[in-house]
Amino acid sequence: MSNRRRSLTPGAGRRLAQVATLAAKGLWFHRRLSLYQTIGLAAVLVPLLLIAGLKNGFIEGMLAQLRADPRNLEVIIVGNRSLDGGWFKTVSGSPALGFIVPNTRSLSATIALANEQGGMIGDVQMIPTAPGDPLLADLPVPTEDDAVILSEATARKLGVKAGDTVRAAVQRRIDGADQASVRSLLVQALAPESLATGDFAFVSQRLLVLSEDYRDGAVDSINAAGPDASALQARAYASARLYARDLDQVEALAAAVEATGVSVRMRSQQIAVVRTLDHGLNWVAGIIVLLGMVGVACSIAVSQWLGVERRRREISVLRLIGLTRSNALLMLVAEALVVAACAFLLAGLVFLILSPLADRLIAAVEIIDGPICRLAPGQFLLLFLVTAIAGGLGALIGGARVLSIEPAECLREA
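Residues numbered from 1 in each chain as written. Predicted model: local features only at pLDDT ≥ 70, side-chain atom pairs only at ≥ 80, totals over all residues. Heavy atoms only, no water.

Caption draft 1: Looking closely at the pairing of strand E7 (residues 177-191). In this structure, strand E5 (residues 147-151) lies alongside E7, joined through five bridges in parallel fashion. Directly across from Val148, in E7, lies its bridge partner Val187. For strand E6 (residues 165-174) and E7, the ladder comprises ten bridges, and the chain directions are antiparallel. Opposite Ala169, over in E7, you have Val182 as the bridge partner. Joining the antiparallel neighbours E6 and E7 is a turn of two residues, in which Asp175 adopts a positive phi near 55 degrees. (Pairing = 2+ DSSP bridges. Helix = DSSP H or I, 4+ residues; strand = E, 2+ residues; numbered from the N terminus.)

Caption draft 2: Representation of the sheet that holds strand E2 (residues 97-103). Strand order in the open sheet formed by four strands is E2-E9-E1-E10, and the pairing between neighbours is antiparallel. Edge positions in the sheet fall to E2 and strand E10 (264-266), since each of these pairs with one other strand and no more. With strand direction ignored, the average angle separating the axes of adjacent strands in the sheet is 20 degrees. Relative to strand E9 (residues 239-244), E2 runs antiparallel, the two sharing six bridges. By the bridge assignment for E9, Phe99 is matched with Tyr243. Relative to E2, helix H4 (residues 85-92) is tilted by about 165 degrees, and along the sheet it contacts strand E1 (74-77), E2 and E9. (Axes fitted to C-alpha atoms, helices over the stretch in contact; angles between N-to-C directions. Contact = heavy atoms within 4.5 Å.)

Caption draft 3: Focus on the environment of Leu73. Topologically, Leu73 is positioned in the loop between helix H3 (31-68) and E1. The spatial distance from the C-alpha of Leu73 to the C-alpha of Ala244 is 5.2 Å, given a sequence separation of 171 residues. Apart from the residues lying within four places of it in its own chain, the contact partners of Leu73 are Leu242, Tyr243, Ala244, Asp246, Leu247 and Val250.

Caption draft 4: Summary view of the packing of aromatic side chains. Applying the stated rule across the entire model yields six aromatic pairs. An angle of 70 degrees between the planes, with centres 5.4 Å apart, marks the rings of Phe344 and Phe384 as edge-to-face. With a gap of 40 residues between them, Phe344 in helix H11 (residues 325-363) and Phe384 in helix H12 (residues 377-399) connect regions that are remote in the sequence. Residue Phe344 is classed as buried on the basis of its relative accessible area, which comes to 6%. In this structure Phe384 comes out as partly exposed when scored by relative accessible area, which is 29%. Taken together, a centroid distance of 5.6 Å and an interplanar angle of 75 degrees make the contact between Phe351 and Phe380 edge-to-face. Of the two residues, Phe351 sits in helix H11 while Phe380 sits in helix H12, which places them 29 residues apart along the sequence. Comparing Phe351 with Phe380, the two get one shared label, buried. Here the aromatic cluster, defined as three or more aromatic residues joined through ring pairs, consists of Trp87, Phe88 and Tyr237. Just above the ring of Tyr214 sits the side chain of Arg172; from NZ or CZ to the centre is 3.9 Å. Over the aromatic face of Tyr237 sits the side chain of Arg235, whose NZ or CZ is 5.7 Å from the ring centroid. (Phe/Tyr/Trp six-rings, centres within 6.5 Å; stacked < 30°, edge-to-face > 60°. Buried < 20%, exposed > 50% of the residue type's maximum accessible area, 1.4 Å probe, protein only. Lys NZ or Arg CZ within 6 Å of the ring centre and 35° of its normal.)

Caption draft 5: Main features of the pattern of salt bridges. With the rule as written, the count across this model stands at 15 salt bridges. Note that Arg167 and Glu116 form a salt bridge whose closest N and O atoms lie 3.9 Å from each other. Of this pair, Arg167 sits in strand E6 while Glu116 sits in the loop between strand E3 (110-114) and strand E4 (120-129), placing them 51 residues apart in sequence. Looking at Arg167, the relative accessible area reads 30%, which means it is partly exposed. Close ionic contact of Asp164 with Lys161 constitutes a salt bridge, the shortest N to O distance being 3.6 Å. Among the charged side chains, a network of salt bridges with common partners joins Arg105, Glu212, Asp213, Asp216 and Arg235. (Salt bridge = Lys/Arg side-chain N within 4 Å of Asp/Glu carboxyl O.)

Structure below.
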């Protein structure tokens, strides 16, 4: 008697193997119905994947475009201020800060450039730079006072290239007399015109300070040695170039600077727009996916409910030979999970076929670069797990009727 009882109540691993075998045989025996159910669920899942892919591709594409342009990391100080060493120390302590370099008054940051043949351009905007400048990520930063990086437009007007020498002139008016100081600068590299508007040149902080001091009458020439590092840190500046560590930290950096009493504006107002749009689309996509999964669960629940009625005699026979109520329910859940998994795989295949078509149809709008409909592997896995959970819950609800089937039913019908 004890041996018979052990055979009817095998170990957990053996029971799971038996349930899996029964589920596989049940699916194969009713393979036509299983196929129809799989196709029906896939038809529900494909639109959900496309909606999630469009939302993800659109938002990620816009964020990628914003991240690709380092100018969007800039936080611009409004107006001229008096920023001392204490202010720079406070802002430098912000974890959102990625780069900072002091800047002079805008009126003191212009220079005239001339080539060896006498061609000249006036009012070239000097931009102070230092190692780590996000705008010069792929270019050598001019650390020497005799080096300069010209914009491609400025170099084209002067007819110079990297390695050539230009003459920089700063003018001033003192005691009614016009004066000028000239210094030779080596063109270290050329910067894309997209980094700034108009004619511009990246120079060292010391050269910019020398230009301001010369205009103020503090030095006699821009060829002077200039202030040392400690003097540069100790003086007050009218402004600064500020860049966040990454796109997600721009608003935090702006808030940190405004907390010091300095008004700022962000270079790209699109950041807040994209964040708001992402939040709204997350809600919309979430509701649509939730409703779709409710549909998946209801479809499987109804299918399992009807399947139990159709297979009532079969299940009764299985109960008679030792299948427990819980294992009978687990068999139905296993069948539903297999159907849900196959439906998701089929929907994923259809998604991979349709997503390039969606890209071509929407590409004409030219909103973003790159694929517009896309899902990362992690997002596929998440949606697969949600589908499996919905399928399992539907099977539990619809298959609960199997708990009422008694082994004696098949004997009475016989």
